[in-house]
Amino acid sequence: MKGREKIEDMLRQEANLSNLIMETSPVAVQINKQLFRQFIENTPAPIAMFDRDMKYIMTSRRFLTDYNLKIRDIIGRSHYEVFPEIPERWKEVHRRCLAGATEKAEDDSFPRSDGGLDWVRWEIQPWYDANGEIGGIILFSEVITERKRAEKALSNSVERYGELFNRMSNGVAIYRAVDNGLDFELVDFNAAGERIERVSKAEIIGKRVTEAFPGVEEFGLLDVFRRVWQTGIPEHYPISRYEDNRISGWRENFVYRLSSGEVVAVYDDVTEQKRAEDEIRKLNKELEQRVAERTAELVYTNKELESFSYSVSHDLRAPLRAISGFSEIIARSHRADLNEEGRHYVDNIVQASERMGYLIDNLLQYSRLGRQGIRRNPVQLADLLADIAQNMREHVIEIHGTLNIAHDLPTVIGDKMLLGQIFSNLIENALTYYKPCVPPQVTVKGRTEGKAVIISVSDNGIGIPPEYHEKIFNVFQRLHSEEEYPGTGIGLATVKKSVELLGGSVQIESEVGKGSTFIVKLPKE
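Every value quoted in this text rests on a predicted model; they were computed, and no experiment measured them.

The next subject is the environment of Asn190. Of note, Asn190 is situated in the loop between β7 (183-189) and α7 (191-197). Measuring from C-alpha to C-alpha, the distance between Asn190 and Phe165 comes to 6.1 Å, with 25 residues separating the pair along the chain. Those residues in contact with Asn190 that lie beyond four places of it in its chain are Phe165, Asn166, Met168, Asn170, Gly171 and Val172. Engagement of the side chain of Asn190 in a polar contact is seen with the backbone nitrogen of Gly193, the distance being 2.9 Å.

As structure tokens, this is what we get:
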């Protein structure tokens, strides 16, 4: 029996019981009154009985509890005195029921005197005395404020869910299992799903998934639905291609089971993403092919250049030896027969021959860099720099210079020969390009930064203009004449190539007239 039918039946029983009491003997009346009072007080419904003046005759305990009246003695008092906030429209209802009407409301607002608002469900019937006259009314009045709030919250939740469901950028489809989980019937479908699948919700709701999407079984998603429905364990179905006689594309699905037993598929159309990935993969493959081809070309070119440099250097040595030998013979055996101008020319030829030999040696050394492979071993930079300083000690004393090398230089994994060439060239340059009348001061420091070792070689020399900071690392790049500062223009090119062979880099910080700092960055391991 439904709630409303129970209430109506209870009210009828109370009205009949009150009429029965009025018709029985005095002793029976007393007994029946007690039974009636006990019935009213203990009934689980919020009920109150009034006389024609709307004064309380009796109430159920539930009524007192619902309206916070347990501590008040209200029997014999007017209903309107107990609840002065009762609106006039309710008083009119009471008058109609006292005249014989029966009225009820499923939800009615009840403004309270404290400013609050309650919602009540009520029903009112008249009761009759022994003479068949209306003796008053019986009121059933249940406070349903919490229920109304819950309904409102539920309504808001449903509204929010509906808005979220239809505003999601992901497609969402809800299915109900049929045929004991062998197939699934579409229960709901959001706007994103309509857009992705190019179909209206009305066309597919109520259809089986195998009918709405005939490629679903071959796609593999139907088996996922069955497993999730049986186990309740969510599954991610990775990017796969779906195709039927109407649509095709790449989909990524996440499948869940609701507490209701329905299965939900949240999915994305990743067709464009897949196309972009394929295009990127294709471009990467083409790029790798181009890089491989270009690398092969560079390797071949480098080999040719190395071979050419070696051949040229080697072939130059024979005529150079002849020039050097004959010029030395002339200078040694026939110097007295020459006038001053002739002796000057012979001296220039001897010096040029020596410089050419030195240049060829440097060029050969540069061309051989890396040809014999890189030997990677732990190298104590402090020991390496100490050896270099010892080899340059006499030269430093001769030019009244100072060479300061930090004692806490770190260890690196590298080729000792290449590292020796790097720092020998840098220190030698620093001791060469100093300002006239200003003794050179060279400082070598080091530190570790993460997985890199940073070594700096600083001087107080002539400095280098900013526009040459990159060019000075090129082969044969010189900024000064041989008369001003000796050199071949290969030293810094050797430094750069050696550092790069070790997987590092080199850069310069310099200002004209204020010295230079060469910063070498090498991998620690």
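Back to the text.
Despite not being glycine, Arg198 has its phi angle at roughly 55 degrees, a positive value. Backbone geometry at His400 places phi at a positive 60 degrees, although glycine is not the residue there. Tracing the backbone through its elements, the reader meets His400 in the loop between α15 (393-398) and β12 (402-405).

Attention now goes to helix α16 (residues 416-432). Relative to the 24 Å expected for 17 residues at 1.5 Å per residue, α16 spans 24 Å between its end C-alpha atoms, a close match to the ideal helical length. With 12 of 17 residues buried, α16 is to be regarded as a mostly interior element. Inspection of α16 places Leu418, Leu419, Gly420, Gln421, Ile422, Phe423, Asn425, Leu426, Ile427, Ala430, Leu431 and Thr432 among the buried residues, and these make up the whole buried set. Between the side-chain oxygen at the start of α16 and the backbone nitrogen of Met417 there is a gap of 2.9 Å, and the oxygen is on Asp415.

With that settled, the discussion passes to the packing of aromatic side chains. Aromatic ring pairs are reported here in terms of the distance separating the ring centres and the angle at which the planes meet. Scanning the entire structure with this criterion turns up 10 aromatic pairs. Ring centres 5.7 Å apart and planes at 75 degrees place the aromatic pair Phe184 and Phe225 in the edge-to-face group. Separated by 41 residues along the polypeptide, Phe184 in strand β7 and Phe225 in helix α11 (residues 221-231) bring together distant segments of the chain. Overall, Phe225 belongs to the buried group, its relative accessible area being 1%. Joined through ring pairs, the aromatic side chains of Phe50, Tyr56, Phe63, Tyr67 and Phe83 make up one cluster. The cationic tip of Lys91 hangs over the ring face of Tyr80; the distance from NZ or CZ to the ring centre is 5.0 Å. Directly above the ring of Trp250 sits Lys274, whose terminal nitrogen or CZ lies 4.7 Å from the centroid.

Membership of the largest hydrophobic core comes to 38 residues, with the highest contact counts inside it found for Leu381, Leu419, Ile422, Phe423, Leu426 and Ile427. Here this core gets eight residues from one element, more than from any other, and that element is α16. Not counting the four nearest positions on each side in its chain, Leu419 is found in contact with Val379, Leu381, Leu384, Val412, Gly414, Leu502 and Leu522. Val199, Val224, Val228 and Val263 belong to the second largest nonpolar core, which has 25 residues in total.

Attention shifts here to the packing of α16 against helix α17 (residues 491-501). Taken N-terminus to C-terminus, the directions of α16 and α17 make an angle of 145 degrees; their axes are 9 Å apart at the nearest point. For the crossing formed where α16 meets α17, the hand is left-handed. Every residue of α17 that contacts α16 at Leu418, Gln421, Ile422, Asn425, Leu426 and Asn429 is listed here: Gly491, Leu492, Thr494, Val495, Ser498, Val499 and Leu501. Residue classes in the contact of α16 with α17 are distributed as seven nonpolar, six polar and no charged.

What follows deals with the pattern of salt bridges. A full pass over the atoms with the stated rule returns 24 salt bridges. We note a salt bridge from Glu92 to Arg96, for which the minimum N-O separation is 3.9 Å. Of this pair, Glu92 and Arg96 both sit in helix α5 (residues 88-98), four residues apart, which is roughly one turn of the helix. Overall, Arg96 belongs to the partly exposed group, its relative accessible area being 35%. In this structure, Asp183 engages Arg208 in a salt bridge whose closest nitrogen and oxygen atoms are separated by 3.8 Å. Pair noted here: Asp183 is in strand β7 and Arg208 is in the loop between α8 (201-204) and α9 (209-212), with a separation of 25 residues, a long-range link. Assessed through its relative accessible area of 31%, Arg208 is described here as partly exposed.

Rules and cut-offs
- Throughout, a residue's number is its position along its own chain's written sequence, starting from 1.
- Predicted model: local features are reported for residues with pLDDT of at least 70 only, side-chain atom pairs are reported and counted for 80 or more only, and whole-chain, interface and lining totals are derived from all residues.
- The basis for the side-chain values is all heavy atoms of the structure; hydrogens and waters are excluded.
- Where helices and strands are cited, they refer to DSSP runs of H or I of at least four residues and of E of at least two residues respectively, numbered from the N terminus.
- Should any heavy atoms of two residues lie within 4.5 Å, those residues are counted as being in contact.
- Under this definition, polar contacts are N or O atom pairs within 3.5 Å; protein pairs additionally need one hydrogen-donor-capable and one acceptor-capable atom, and for neighbouring residues in sequence, both atoms have to be side-chain atoms.
- Here the expected span of a helix is defined as 1.5 Å times the quantity of residues minus one.
- Burial classification: accessible surface area is computed with a 1.4 Å probe over protein chains only, and a residue below 20% of its type maximum counts as buried, one above 50% as exposed, and the rest as partly exposed.
- Two rings from Phe, Tyr or Trp (for Trp, the six-membered ring) form a pair when their centres sit within 6.5 Å of each other. Planes less than 30 degrees apart are called stacked, planes more than 60 degrees apart edge-to-face, and all others tilted.
- In our convention, an over-ring charge means Lys NZ or Arg CZ found within 6 Å of a ring centre and within 35 degrees of that ring's normal.
- In these notes, a set of buried Ala, Val, Leu, Ile, Met, Phe, Trp, Tyr and Cys residues joined through side-chain atoms within 4.5 Å is what counts as a nonpolar core.
- Here, axes are lines fitted to C-alpha atoms. For helices the fit covers the stretch in contact, and angles between N-to-C directions go from 0 to 180 degrees.
- Crossing handedness is read from the near helix: turned anticlockwise from the far helix by less than a right angle, it gives a left-handed crossing, and turned clockwise, a right-handed one.
- The classification used treats Ala, Val, Leu, Ile, Met, Phe, Trp, Tyr, Cys and Pro as nonpolar, Asp, Glu, Lys and Arg as charged, and all other residues, Gly among them, as polar.
- Criterion for a salt bridge: a side-chain nitrogen of Lys or Arg within 4 Å of a carboxyl oxygen of Asp or Glu.

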